[in-house]
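# Survey of secondary and tertiary structure
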Amino acid sequence: MTATAPAEKAANSSKLLDWIERVGNKVPNPTIMFVYLIGVVALLSAVLSWAGVSVTDEMVVPVPKDEFSQINEHLGGTWSIYDSVTGEPAVVPDFIVKEQTIAVRNLISVEGARFFFSSFVDNFAGFGVVAVVLVSMAGVGVAEHAGLMGALIRKIVKVAPPKWLTFILVFVGVLSSVATDAGYLILVPLAAAAFYSVGRHPLAGLAAAFAGVGAVFGVNLLLTPSDAMLTEITNSVLTSLNLPVLEITQNFFFSIVSSIVLAAVVWLVTVKITQKRLGTFEGSDGSFHADEEVDEEAEAKGLRTAGIWVGVFALVVLALTLPPGAPLRDPSTGNIIGNTPFMASLVFVISLAFMVAGLGYGRGAATLQGGNAAVAAISKTFASLSGLLLMFLMIAQ
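Residues numbered from 1 in each chain as written. Predicted model: local features only at pLDDT ≥ 70, side-chain atom pairs only at ≥ 80, totals over all residues. Heavy atoms only, no water.

## A few points about the overall build of the protein chain
In terms of regular secondary structure, the protein chain is built from 16 helices and 2 strands. Looking at the protein chain as a whole, 31% of its 397 residues are labelled buried. Sequence separation of 24 or more characterises 76% of the internal contacts of the protein chain that already satisfy a separation of 6 or more. Element-wise, carbon and sulfur atoms account for 66% of the exposed surface of the protein chain, whose accessible area totals about 24,200 Å². (Helix = DSSP H or I, 4+ residues; strand = E, 2+ residues; numbered from the N terminus. Buried < 20%, exposed > 50% of the residue type's maximum accessible area, 1.4 Å probe, protein only. Contact = heavy atoms within 4.5 Å. Areas by Shrake-Rupley, 256 points an atom, 1.4 Å probe, with all protein chains shown as cover.)

## Observations concerning unusual backbone geometry
Unusually for a residue other than glycine, A366 sits at a positive phi of about 60°. Note on placement: A366 falls in the loop between α14 (346–365) and α15 (371–384).

## Examining α15
If you check α15, its first and last C-alpha atoms are 20 Å apart, about what 14 residues at 1.5 Å a residue would give, namely 20 Å. For α15, the full list of buried residues reads A374, A377, I378 and T381. Angular distribution of buried residues about the axis of α15 spans 95°; they occupy a single face of the element. In α15, those exposed residues whose orientation departs by more than 90 degrees from the buried face are N372, V375, K380 and A383. Of the surrounding secondary structure, the elements contacted by the buried residues of α15 are α5 (129–146) and α14. (Expected span 1.5 Å × (residues − 1). Arc of directions from axis to C-beta.)

## Focus on α14
The end-to-end C-alpha distance of α14, which contains 20 residues, comes to 28 Å, matching closely the 28 Å that a straight helix rising 1.5 Å per residue would cover. Backbone geometry just downstream of α14 places A366 in the positive-phi region, at approximately 60°.

## With respect to the side chain of R200
Locating R200 in the fold gives a position in the loop between α8 (182–197) and α9 (202–215). A polar side-chain atom of R200 sits 2.5 Å from a polar atom in the side chain of T166. At a separation of 2.6 Å, a polar atom in the side chain of R200 contacts the side chain of Q275. Excluding anything up to four places from it in sequence, R200 contacts P162, L165, T166, F195, Q275 and F281. (Polar contact = N/O pair within 3.5 Å; in protein donor to acceptor, adjacent residues only side chain to side chain.)

Listed below in structure tokens is the structure:
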């Protein structure tokens, strides 16, 4: 009785995992899912339009000041708006709240087909997130293909104290989301090797690193391409509603706190649950192993060069930002934070920082030299984004 209970429990767990695998394998590609969604929206629009469904709500709409100016020019005089109660001149607001009724438009109709075909290209051209992703990933791609991301991950893992090894591995996984696949390709196998070297189960290290890279992907201590992408998607919606747009740093402090808290949660799960379920591991020889052969001297030189180049780049950015009248300050108020050139150029500045770091590492470690190599690295990065761009084409509709 007692002997068969664990076996039955393991069998039930295996059946559940098999069912999850079968269901997961049937989930279509995300791009195809958005194609299906377009079809569903079109069918719903037809049904709701035939049913005469409409929505009445208070909306913020811009005041047509241009029309006032045209009337003024046509009449050849000047016009002013006065308060009807006080008789004093009134200031014309930029926006007013107005009640509007919007009827559902049938996309399966002559007008709907005309709208779909005529707006398809314009929708994608106006989808600003595409430009943000390409600009941000250009710099990250140079750094990753030069080997900078892998070098940083290996360096941190190698010097991590055994007591803090789990948390550091998880946290490095969180930070690695700034790059595309560096965390999955480099950190996950290195975490297994690091756990093996200190006599702990390598599968626990692999699971911890994978959780840090995959489960805590959305937050970071740094601004990432994902932040830029999500901010741009949000702003495109806000702009269509005539609402104020968000800055890329809008939830930055929340992201910092979340990255620490979630890394701590993964650490606790690894130590209290994963390792205990895996049991005691034996067989380590007490030394660190990595599958990939690395020229440590060249890697160290590359990291030093990258640090110097990034330091120089930081001084240039500070020179363009801090002095009064600097180009990245607001020309009217002199502010740095807010609706300013510095905040508007933040994605480009971050991308340049990664590019400079990657070029510096490539020069020092002799892994990426010359403009042709940098262009090739960016081209490979853009090629890896082809599936994402195709999905954006569907999302933009």
